[in-house]
Amino acid sequence: MSLFRRAIRGIMTSEPKRVPIPRNGVDYRGKIVLAPMVRSGELPSRLLALHYGADLVWGPETVDRSMIGTTRRLNPSTQTIEWTRKPSQGAKAPPADVKDSIIYRVHPAKEGRRLIFQLGTSNPDLAVQAARLVAADVAGIDVNAGCPKPFSTHDGMGAALLRTPDKLVAILEALVGAITPEFEIGISVKIRILETAAETEALVRRLVATGITGLTVHCRTTPMRPRERAIRGQLRMIADLCREAGVACLMNGDVETRDQALSLVREYGVDGAMIATQAEKNSSCFRSGAEGGMLPWEQVVEQYVRYAMEVENKFGNTKFLLCQQIPGKSSAYRNIAACKSYTKVCEMLGFEHLVERAREVDLSLDIDPDSNGKKNKNANSSALAAGGQMAESRTKPQAKKGLAERGVGTQEEAETGIQPAAQPAEGMAIPV
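Just so we're clear, the structure is a prediction, and the values are computed from it rather than from any experiment.

J.: Honestly, the environment of Leu203 in this entry has me stumped. Any pointers?
T.: Within the fold, Leu203 resides in helix 7 (residues 197-207). Taking the C-alpha atoms as reference points, Leu203 and Leu162, 41 residues apart in sequence, are found 7.9 Å from one another. For Leu203, the contacting residues outside a window of four places in its chain are Leu162, Pro165, Ile191 and Leu194.

Structure follows, in structure tokens:
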């Protein structure tokens, strides 16, 4: 063999193997992304992360059964695509006049080709049915195999799949076999590390052989809580296994800024990283130091409110996120608890230039801009008369407890969580 041919063969054999990225899919390599999170992964939060430089965004985990049976529609006022269904309210046949619940939303112009739909499932057939409903509108389907919360694991989903690898492999193979050829997008999975490196290695070897294009590892075991430091001792091994199979590898756990993420990528040989809790608090964490780094919370909050109103986000979800973004010791945090409308939020935060738009959004959402409540909710006068001041006090707005007081977890706890099986309207999202 000539020296030239040997040189060419050497170059060819040294090229890293890569699972082909489908035409409508996206390569996770070189990406710093928004992790899937409970409540905090809804549409305006994703738009905010992209605004500040996230390369990709994961939506909240959505359970297969909650998607199956939904209707896809375009909302002309917000330019979003929505998947809706009638809430059962405990009845086999929901009343015809009950308002549709929004299960999932996408803004095709602003996020469509950068959005990964995370699926909660424990059944290959249901996984394919659910994925087929959204696959044309997203850049990839990710299977949640890392959420340790009981509302996920009780039905064999989330982290429970780590203990049933045959089922997890069957789900991934079903999605790769059915969704990738039809919609030309990639399939990925998000896991946690197992108790020993040998167990993790055995699992990862099986997963990367299914035809997936990406694997994300949360560097905590299933029992670990977010307050416990992430364990990265297995990370390089996982990255090597993914590289051998040609699968992109992302890391998750205690990643707080873009610059830190890039440093960890170099240190452990992974292909990218997910940011969770810090992105919930201040999405400008996706800005590099060269771009100015983190911005003051006031600036980030204003941008978030703009996006929330643009897509007419459910007010309860908006208020929840504001309570994560506004520092707990500030007067704004204390005052936000009394707000029950976008108008009041803008007035309280001093966003006078947004008040007119806020009133329009409130009216569209059937919220009274001025009275801190739903437009058509009338006080029960007979109850007030019978109950005196005690009854009257119960009708007054009550300040909601803070996130920690209510025991609601943030993303890392979400990896802890997902959109519950009986999913509430548009919103319990979750991270793996």
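J.: Would you mind showing me how to read the side chain of Thr70 here?
T.: Residue placement: Thr70 occurs in the loop between helix 3 (64-67) and strand 4 (71-75). A polar side-chain atom of Thr70 sits 2.7 Å from the main-chain carbonyl oxygen of Met67. When neighbours within four sequence positions are excluded, Thr70 is seen to be in contact with Trp83, Thr84, Arg85, Ile103 and Leu133.

J.: Where do I start with the nonpolar core in this structure?
T.: Soluble globular proteins: nonpolar side chains tend toward being buried together. Grouped together as the largest cluster of nonpolar side chains are 85 residues, with contacts concentrated most on Val189, Ile191 and Leu215. Looking at this core element by element, the count peaks at eight residues for helix 6 (residues 165-183). The residues touching Ile191, leaving out its near neighbours within four places in the chain, are Ala145, Gly146, Leu162, Leu203, Val204, Leu207, Leu215, Thr216, Val217 and His218. Ile326, Ala332, Phe351 and Ala358 belong to the second-largest nonpolar core, a separate cluster that totals 34 residues.

J.: What exactly am I supposed to notice about the pairing of strand 5 (residues 80-85) here?
T.: Successive residues of a regular strand alternate their side chains across the two faces of the sheet. Burial within strand 5 is extensive, with five of its six residues counted as buried. Between strand 4 and strand 5, which pair antiparallel and follow one another directly, the connecting turn spans four residues, one of which, Gln79, has a positive phi of 60°.

J.: How should I be thinking about unusual backbone geometry in this particular structure?
T.: Glycine aside, a negative phi is what most residues show, and trans is what most peptide bonds show. With phi around 65°, Arg39 is a residue other than glycine that occupies positive phi space. By secondary structure assignment, the location of Arg39 is in the loop between strand 1 (31-34) and helix 2 (43-51). Positive phi is not limited to glycine here, since Glu184 has a value of about 60°. As for its placement among the helices and strands, Glu184 is situated in the loop between helix 6 and strand 9 (186-192).

J.: What is the right way to look at the side chain of Arg105 in this model?
T.: Assignment of secondary structure puts Arg105 in strand 6 (residues 101-106). Accessibility expressed as a relative area gives 3% for Arg105, which makes it buried.

J.: I keep staring at the sheet that holds strand 6 and nothing clicks. Help me out?
T.: Hydrogen bonds along the backbone pair up the strands of a sheet, which may run parallel or antiparallel. Pairing is antiparallel across the open sheet formed by three strands, whose spatial order is 4-5-6. A single partner strand is all that each edge strand has here, and the edge strands are strand 4 and strand 6. When strand polarity is set aside, the average angle formed by the axes of neighbouring strands in this sheet is 30°. Both strand 5 and strand 6 contribute to a ladder of five bridges, which runs antiparallel. Pairing of Thr84 across the sheet is with Ile102, part of strand 6.

J.: What exactly am I supposed to notice about the packing of aromatic side chains here?
T.: Centre-to-centre distance and the angle between the planes together describe a pair of aromatic rings. Applying the stated rule across the entire model yields four aromatic pairs. Ring geometry for Phe315 and Tyr342: centres 5.2 Å apart, planes at 80°, overall edge-to-face. Highlighted residues: Phe315 in helix 12 (residues 315-325) and Tyr342 in helix 14 (residues 342-349), separated in sequence by 27 residues. Each member of the pair, Phe315 as well as Tyr342, is classed as buried. Put simply, the rings of Trp83, Tyr104 and Phe117 pair up and form one aromatic cluster. The ring of Phe320 carries the charged tip of Arg39 above its face, separated from the ring centre by 4.7 Å.

J.: Would you mind going over the confidence of the model for the chain with me for this structure?
T.: It should be kept in mind that the predicted coordinates are not to be read in detail where pLDDT is low. Overall, the predicted model of the chain reaches an average pLDDT of 86, with 81% of residues at or above 70. Ignoring residues within four places in sequence, the model shows residues 377-432, a span with pLDDT below 50, making 159 contacts including any to other chains.

J.: Sorry, what's going on with the packing of helix 11 (residues 297-310) against helix 12 here?
T.: Geometry of a packed helix pair, given as the angle between the helix axes and the separation of the axes. Two numbers describe how helix 11 lies on helix 12: the axes approach to 11 Å, and their chain directions differ by 170°. As summarised for this structure, helix 11 and helix 12 are arranged roughly antiparallel, according to the angle between their axes. Within the contact between the two elements, helix 11 uses Trp297, Val301, Tyr304, Val305 and Ala308 and helix 12 uses Asn317, Thr318, Leu321, Leu322 and Gln325.

J.: Explanation requested: the state of the cysteines in the structure shown.
T.: By definition, a disulfide links the sulfur atoms of two cysteines through a covalent bond. On inspection of all chains with the given rule, the structure shows zero disulfides. Here Cys219 stays free of any disulfide, with the sulfur of Cys249 as its closest cysteine sulfur at 8.3 Å.

J.: Help me understand empty space enclosed by the protein, please; the structure alone is not making it clear to me.
T.: Sizing a probe to match a water molecule and rolling it over the atoms shows the empty space that remains. Taken as a whole and assessed by the stated rule, the structure comprises two cavities of 30 Å³ or more. Its volume calculated, the largest cavity comes out at about 50 Å³. Taken together, Leu34, Met37, Ser40, Ser45, Leu48, Ala279, Glu280, Ser283, Tyr304, Leu321 and Gln325 make up the lining of the largest cavity. Partitioning the lining of the largest cavity into residue classes produces six nonpolar, four polar and one charged.

About the thresholds
Residues numbered from 1 in each chain as written. Predicted model: local features only at pLDDT ≥ 70, side-chain atom pairs only at ≥ 80, totals over all residues. Heavy atoms only, no water. Helix = DSSP H or I, 4+ residues; strand = E, 2+ residues; numbered from the N terminus. Contact = heavy atoms within 4.5 Å. Polar contact = N/O pair within 3.5 Å; in protein donor to acceptor, adjacent residues only side chain to side chain. Core = buried A, V, L, I, M, F, W, Y, C linked by side-chain atoms within 4.5 Å. Buried < 20%, exposed > 50% of the residue type's maximum accessible area, 1.4 Å probe, protein only. Pairing = 2+ DSSP bridges. Axes fitted to C-alpha atoms, helices over the stretch in contact; angles between N-to-C directions. Phe/Tyr/Trp six-rings, centres within 6.5 Å; stacked < 30°, edge-to-face > 60°. Lys NZ or Arg CZ within 6 Å of the ring centre and 35° of its normal. pLDDT = per-residue confidence, 0-100. Parallel < 35°, antiparallel > 145°, perpendicular 65-115°, else oblique. Disulfide = S-S within 2.5 Å. 1 Å grid on protein atoms, 1.4 Å probe; cavity = no way out; pocket = protein on both sides within 12 Å on 5 of 7 lines; lining within 4 Å. Points joined across faces, edges and corners; volume = space filled by probe spheres on them. Nonpolar A, V, L, I, M, F, W, Y, C, P; charged D, E, K, R; others polar.

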